[in-house]
Amino acid sequence: KNNTADLIIVPNLMHHISDFNKFLSECYRILKKDGKLYVFEPTFREQHQDPEDFFRFTPNSFREILKNNKFKVLKVNRTGGAFSAAIYCLDQASQYLPGNIKKKYKKKINDKLIKDFLDYEKKYKKNLVRKHTSFPTAFSIIGKK
């Protein structure tokens, strides 16, 4: 029914919706006045669940998509960074290896390396070569009807 929901939560799903504008139109229709839409979406990940993995959004692109679908954007949060993305890629790469090679690989990619990378992420937040660059691995955004 129209105007019945106070909140719609869309966790890690938008990239699987082929007609996201139609989906957002439906969200807008069923939200009450001042109702909120909360979306959490990865910006960085492997193509998965083929063939239903369609898009990768950025926080800026999704802000514009929400505005184009009549939502007022209240808040955008970015999470992760270049070093957590590197850890994620290393972990994903390990899933391609057979068991005996994976064990050797995991010894090289140990807890200390992961801790160091996460420490680097806290300390080194800016790209020193390309000034207008960020590397969020995910974002959340809140839109209001």
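Residues numbered from 1 in each chain as written. Predicted model: local features only at pLDDT ≥ 70, side-chain atom pairs only at ≥ 80, totals over all residues. Heavy atoms only, no water.

1. Re the packing of aromatic side chains
Counted according to the given criterion, the structure contains 13 aromatic pairs. Centroid distance Phe44 to Phe135: 5.5 Å. Interplanar angle 70°. Geometry classified as edge-to-face. Here Phe135 lies in the loop between helix H5 (111-123) and strand S4 (138-144) and Phe44 lies in the loop between strand S2 (31-42) and helix H2 (59-68), a separation of 91 residues in the sequence. A residue is classified by how much of its surface remains accessible, and Phe135, at 38% relative accessible area, is partly exposed. With centroids separated by 5.7 Å and ring planes inclined at 75°, the aromatic side chains of Phe83 and Phe117 adopt a geometry described as edge-to-face. Of this pair, Phe83 sits in helix H3 (residues 82-94) while Phe117 sits in helix H5, placing them 34 residues apart in sequence. (Phe/Tyr/Trp six-rings, centres within 6.5 Å; stacked < 30°, edge-to-face > 60°. Helix = DSSP H or I, 4+ residues; strand = E, 2+ residues; numbered from the N terminus. Buried < 20%, exposed > 50% of the residue type's maximum accessible area, 1.4 Å probe, protein only.)

2. Describing the packing of H3 against H5
Between H3 and H5, the shortest axis-to-axis distance is 7 Å and the interhelical angle comes to 155°. If you check the angle between H3 and H5, you find them roughly antiparallel. For the pair H3 and H5, contact is made by Ala82, Phe83, Ser84, Ala86, Ile87 and Leu90 and by Leu113, Ile114, Phe117, Leu118, Tyr120 and Glu121, respectively. Split by residue class, the contact of H3 with H5 holds ten nonpolar, one polar and one charged. (Axes fitted to C-alpha atoms, helices over the stretch in contact; angles between N-to-C directions. Parallel < 35°, antiparallel > 145°, perpendicular 65-115°, else oblique. Contact = heavy atoms within 4.5 Å. Nonpolar A, V, L, I, M, F, W, Y, C, P; charged D, E, K, R; others polar.)

3. Considerations on the sheet that holds strand S3 (residues 72-79)
Taken in spatial order, the four strands of this open sheet run S1-S2-S4-S3, and their pairing is mixed. Because the sheet does not close on itself, it has two edges, and the strands there are strand S1 (5-11) and S3. For this sheet, the mean inter-axis angle between neighbouring strands, taken without regard to orientation, is 10°. Across six bridges, S1 lies against S2 in parallel orientation. Looking across to S2, one finds that Leu7 is bridged to Lys36. (Pairing = 2+ DSSP bridges.)

4. Concerning the nonpolar core
Of all hydrophobic cores here, the largest spans 19 residues; its most connected members are Met14, Leu24, Leu37, Phe62 and Leu66. Elements with a minimum of two residues in this core: S1, helix H1 (20-30), S2, H2 and S4. Not counting the four nearest positions on each side in its chain, Leu24 is found in contact with Met14, Leu37, Phe62, Ile65, Leu66, Asn69 and Phe71. (Core = buried A, V, L, I, M, F, W, Y, C linked by side-chain atoms within 4.5 Å.)

5. Brief notes about the side chain of Glu121
On the secondary structure map, Glu121 appears in helix H5. In this structure Glu121 is buried but unpaired, with Lys125 as the nearest side chain of opposite charge at 7.6 Å. A distance of 2.7 Å separates a polar atom in the side chain of Glu121 from the backbone nitrogen of Ser84. Setting aside chain neighbours within four positions, we find Glu121 in contact with Gly80, Gly81, Ala82, Phe83 and Ser84. (Lys, Arg positive; Asp, Glu negative; His and termini not counted. Salt bridge = Lys/Arg side-chain N within 4 Å of Asp/Glu carboxyl O. Polar contact = N/O pair within 3.5 Å; in protein donor to acceptor, adjacent residues only side chain to side chain.)

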